[in-house]
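Secondary and tertiary structure notes
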Number of protein chains: 2
Amino acid sequence: MKPTIYDVAKEAGVSIATVSKVINHTGNMRPATRLKVKQAMERLNYRPNLMATALTGKATKTIGLLVPDISNPFFSEMARTIEDRAHEAGLSVIICSTDENEQKEKKYLELLQQKRVDGFIIASSFHDREGLKRLKEQGTPIVMLTQDDGGLGVPSISVDDYKGGFEATSYLITSGHKRIAVIAEHVSSSRLRIYGYKEAHASHGIPFVEEQIYKTTASTENGKFCLLTMHEKGLLPSAIFACNDLIAIGVIHGAKELGIRIPEDLSVIGFDNTILATTTVPALTTVAQPVADMGRKVVDLLLEAIETKALTNEKVLYTPELIIRGTTKNETIAT
Amino acid sequence: MKPTIYDVAKEAGVSIATVSKVINHTGNMRPATRLKVKQAMERLNYRPNLMATALTGKATKTIGLLVPDISNPFFSEMARTIEDRAHEAGLSVIICSTDENEQKEKKYLELLQQKRVDGFIIASSFHDREGLKRLKEQGTPIVMLTQDDGGLGVPSISVDDYKGGFEATSYLITSGHKRIAVIAEHVSSSRLRIYGYKEAHASHGIPFVEEQIYKTTASTENGKFCLLTMHEKGLLPSAIFACNDLIAIGVIHGAKELGIRIPEDLSVIGFDNTILATTTVPALTTVAQPVADMGRKVVDLLLEAIETKALTNEKVLYTPELIIRGTTKNETIAT
DNA sequence: TTGAAAGCGCTAACAG
DNA sequence: CTGTTAGCGCTTTCAA
């Protein structure tokens, strides 16, 4: 079996209390004693059992990260920066993919609570508001990422989705597009992006129809499906604002299948600026989120909440950046 | 504070042993008693503390997954299937990105040991063989994924890298290519892929030069850099076999920058068949690994090792599949 | 400066 | 069928 604190104590000829003190750098001690203990630990290759430590009331040094799907490049890129920052601070991360599914949300939330994680980063939409509220009331730190807090009163980090939607749409409009569809997700950030989409129309005096607003779940398949649907209904727009890159890629795939040329026949804008946006040809025009900054910030905020035990309500809004690449085209010049 | 087993016992008017029994479905009990306890748990919203449970010798129901980089689509796709399978079996997954860096490997391995994870899935190359050996000797189940076990005597799951390299190269050769470069990684799987590359040359009676073998780390930047290097040295081949999609994409980027047409001037084959391979134009010819099967299998194997406490040495080899898309071209026909 | 002892929340004999 | 009790490995007073 693995050596315990008792083994070390015996090996060093001291009490477990003394060993505990050298582990935690607490209290004073004769240097010789400290050395004896250290050597004993070395000899036995001793590592404290974090389970036992956690049981005495200390932190578990683990946080939970809930994302819709870790295989979505946006979230895996985000997860990577979160992981790095967390480890810098001595925290491990348990990642759970919810698929935006209420059952899974509940299951994972409960599971992680039982594991006594020190806090949560929630980057997935949350249907079970009640569960979150209880969590919060129990004093567990929570930070929302890419998600509003739904009046929960917890900190949240996100990009200015409204602005992103507004700028993407405005760009399309000023490029001469008049029939612009939007493919959004069933999540709070999409609501704001749609709002931006609408306001852009309003401010340019261009009408839009509700039928041009599609809602789906993030995947290339669904993006393609939406385009096919538009085509079947004879409602093909001249431009599509997709609420994430995955959907935009799906649209591009669908377009190829239908023989629709991009950007000549159809302009496409994505959102997130994941690696995928750089691999398409032409490269995808998209709205970038500062993933690295956001990932670091969300960990810092959570850390602060964990350490101070105080529940702030800070809302951090990052500025999105429209990155113009090859999938959009100026209609006024073109036609 | 969170309710403990004592609170439930008091609430239900029974002893903690009884409560423990209903939690673990052990022993018999008068239905009425069980009901009383269940209701008490319900009322208090009781959840057992997994830390305490783990301390009594039970499993932590957590496994560690070491990958080079979770933001690499191949690994995030793999992580997703692992996560799903693990959760089906009641296990959580802690993912750590090692960047193939020995310091991080050590750090994470140690960290996860302290967290008393039930087992490890190692999908990252491992410089610290000693650490792994000690781990294994301590009885911790380990399964290698995408990596040989380096004589460690633990199970391993991978694709037949030799075959993948052989087929990719053979395809290029039979398409008429005579100057084929390979860009590999500093990992064990790449060694076999290179071996396949060499054997393909040998079996077709085509010579190859060692200078055509490049080694780097997985990223688009590095792939591009390799192509630029070849160009500078005046050693541009007519085809490149990249040992993963990320590198292949980098080559494509580099080619675009240099005005090299793909596949007309240069054929490119990747490896992994990640989502990236479908988003390039033309789509990337690549060698597919059955990620979903591998992910499930690796969890099943680990689970078996955890449950039986037996250390098998099973080697599972999946068959790679060459997927021909648009980045390769038949030279014989072309020229 | 060091150690004895009382928990932390739960499991698992062993009694009753 | 139910309860008592002794740990699991560590932290933390409180004495010595």
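Computed from a predicted structure; not experimentally measured.

What follows concerns the UniProt feature "domain: HTH lacI-type" (unreviewed entry) in chain A. According to UniProt, the positions carrying the feature "domain: HTH lacI-type" (unreviewed entry) are residues 3–57 of chain A. Within the segment residues 3–57 of chain A, helix and strand shares are 67% and 0% respectively, and the terminal C-alpha atoms sit 22 Å apart.

For the match of chain A to chain B, the screw axis carries a shift of 0.0 Å, the RMSD comes to 0.1 Å, and the turn is 180 degrees. The operation mapping one copy onto its partner corresponds to a two-fold rotation axis. Here 100% of the interface residues in chain A have copies in chain B that are interface residues too; the copies meet face to matching face.

Residues in contact with DNA strand C amount to 25 residues; listed here are only the nearest, Thr18(A), Met29(A), Thr33(A), Ile5(B) and Tyr46(B). Counting only the atoms of DNA strand C that lie within 4 Å of the protein, the sugar and phosphate share comes to 72%. The backbone of Arg30(A) places a nitrogen or oxygen atom 2.9 Å from a phosphate oxygen of DNA strand C. In the environment of DNA strand C, a base nitrogen lies 3.4 Å from a nitrogen or oxygen atom belonging to the backbone of Ala52(B). Those elements that place two or more of their residues in the surface near DNA strand C are α2 (16–24) of chain A together with α1 (5–12), α2 (16–24) and α4 (50–55) of chain B. By residue number, the principal contributor to the surface near DNA strand C is α2(B), which donates four residues. Partitioned by chemical class, the residues of the surface near DNA strand C number 11 nonpolar, 11 polar and three charged.

Contacts between the two partners involve 51 residues from chain A, matched on the other side by 51 residues from chain B. Overall, the association of chain A and chain B removes approximately 4900 Å² of surface from exposure, summing both partners, and the carbon and sulfur fraction of that is 55%. When residues of chain A are sorted by the area they lose upon contact with chain B, Lys2(A), Met51(A) and Arg116(A) head the list and together hold 14% of the total. Residue Asp99(B) pairs with Arg80(A) through a salt bridge whose shortest N-O separation is 2.3 Å. Where chain A touches chain B, the interface holds 22 residue pairs in polar contact (both at pLDDT 80 or more).

Take the domain arrangement of chain A next. Taken domain by domain, chain A holds domain 1 (5–44), domain 2 (62–159 + 291–318) and domain 3 (161–288). Using C-alpha coordinates to define each centre, domain 1 of chain A is positioned 63 Å away from domain 3 of chain A.

Moving on, we come to the protein's contact with DNA strand D. By nearness alone, 26 residues border DNA strand D, and Ile5(A), Tyr46(A), Thr18(B), Met29(B) and Thr33(B) come closest of all. Each atom of DNA strand D within 4 Å of the protein was classed as base or backbone; sugar and phosphate made up 66%. Take Arg30(B): an N or O atom from its main chain is 2.9 Å from a phosphate oxygen of DNA strand D. Each residue belonging to the surface near DNA strand D can be placed in one class, and the counts come to 12 nonpolar, 11 polar and three charged.

A separate point is the nonpolar core. Counting residues in hydrophobic clusters, the biggest one holds 92 residues, and the most contacted among them are Ile121(A), Leu145(A), Ile157(A), Ile121(B), Leu145(B) and Ile157(B). Residues within four places of Ile121(A) in sequence aside, it is in contact with Ile63(A), Gly64(A), Leu65(A), Leu66(A), Ile82(A), Val143(A), Leu145(A), Val298(A), Val299(A) and Leu302(A). Among the nonpolar cores identified, the runner-up in size contains 32 residues, and Leu66(A), Ile94(A), Cys96(A) and Phe120(B) belong to it.

So, on to the side chain of Asn72(B). Residue and element names in this part refer to chain B. Mapped onto the fold, Asn-72 is located in the loop between β1 (62–67) and α5 (73–88). Of the residues examined, Asn-72 reaches a relative accessible area of 8% and is grouped as buried. Within polar-contact distance, the side chain of Asn-72 engages the backbone nitrogen of Phe-74 at 2.9 Å. Apart from the residues lying within four places of it in its own chain, the contact partners of Asn-72 are Ala-218 and Leu-246.

All names here are of chain B. Running from N to C, α5 and helix α13 (residues 291–308) cross one another at 45 degrees; their axes reach a closest spacing of 8 Å. When the axes of α5 and α13 are compared, the pair comes out oblique. You can see that α5 and α13 cross each other, and the crossing is right-handed. For the pair α5 and α13, the contacting residues are Phe-74, Glu-77, Met-78, Thr-81, Ile-82, Arg-85 and Ala-86 in the first and Val-291, Ala-292, Met-294, Gly-295, Arg-296, Val-298, Val-299 and Asp-300 in the second.

All names here are of chain A. Packing of helix α10 (residues 220–232) against helix α11 (residues 245–258) brings their axes to within 6 Å, and their N-to-C directions diverge by 50 degrees. The angle between α10 and α11 falls in the class oblique. Classified by chirality, the crossing of α11 by α10 is right-handed. Across the interface between the two elements, Thr-220, Gly-223, Lys-224, Leu-227, Leu-228 and His-231 of α10 pack against Leu-246, Ile-247, Ile-249, Gly-250, Val-251, His-253, Gly-254, Ala-255, Glu-257 and Leu-258 of α11. Grouping the amino acids of the contact of α10 with α11 by side-chain chemistry returns eight nonpolar, six polar and two charged.

In an α-helix, one turn spans 3.6 residues, which is why side chains three or four residues apart end up on the same side. Residue and element names in this part refer to chain B. Spanning 16 residues, α5 covers 23 Å between terminal C-alpha atoms, matching the ideal 22 Å at 1.5 Å per step. With 13 of 16 residues buried, α5 lies mostly within the body of the structure. By the N-cap criterion, in which a side-chain oxygen at the helix start approaches the backbone nitrogen of a residue two or three places on, α5 is capped by Asn-72, the distance to Phe-74 being 2.9 Å. Positive phi shows up at Gly-90, right after α5, with a value of about 80 degrees.

About the cut-offs
Residues numbered from 1 in each chain as written. Chains lettered and ligands numbered in written order. Predicted model: local features only at pLDDT ≥ 70, side-chain atom pairs only at ≥ 80, totals over all residues. Heavy atoms only, no water. UniProt positions renumbered as here; feature names shortened; annotations may be inferred. Helix = DSSP H or I, 4+ residues; strand = E, 2+ residues; numbered from the N terminus. Least-squares fit on C-alpha atoms with pLDDT ≥ 70 in both. Contact = heavy atoms within 4.5 Å. Near = heavy atom within 4 Å. Polar contact = N/O pair within 3.5 Å; in protein donor to acceptor, adjacent residues only side chain to side chain. Nonpolar A, V, L, I, M, F, W, Y, C, P; charged D, E, K, R; others polar. Buried area = accessible area lost by both parts, 1.4 Å probe. Salt bridge = Lys/Arg side-chain N within 4 Å of Asp/Glu carboxyl O. Domains from an automatic or database assignment. Core = buried A, V, L, I, M, F, W, Y, C linked by side-chain atoms within 4.5 Å. Buried < 20%, exposed > 50% of the residue type's maximum accessible area, 1.4 Å probe, protein only. Axes fitted to C-alpha atoms, helices over the stretch in contact; angles between N-to-C directions. Parallel < 35°, antiparallel > 145°, perpendicular 65-115°, else oblique. Left-handed = near helix turned anticlockwise from the far one by under 90°. Expected span 1.5 Å × (residues − 1).

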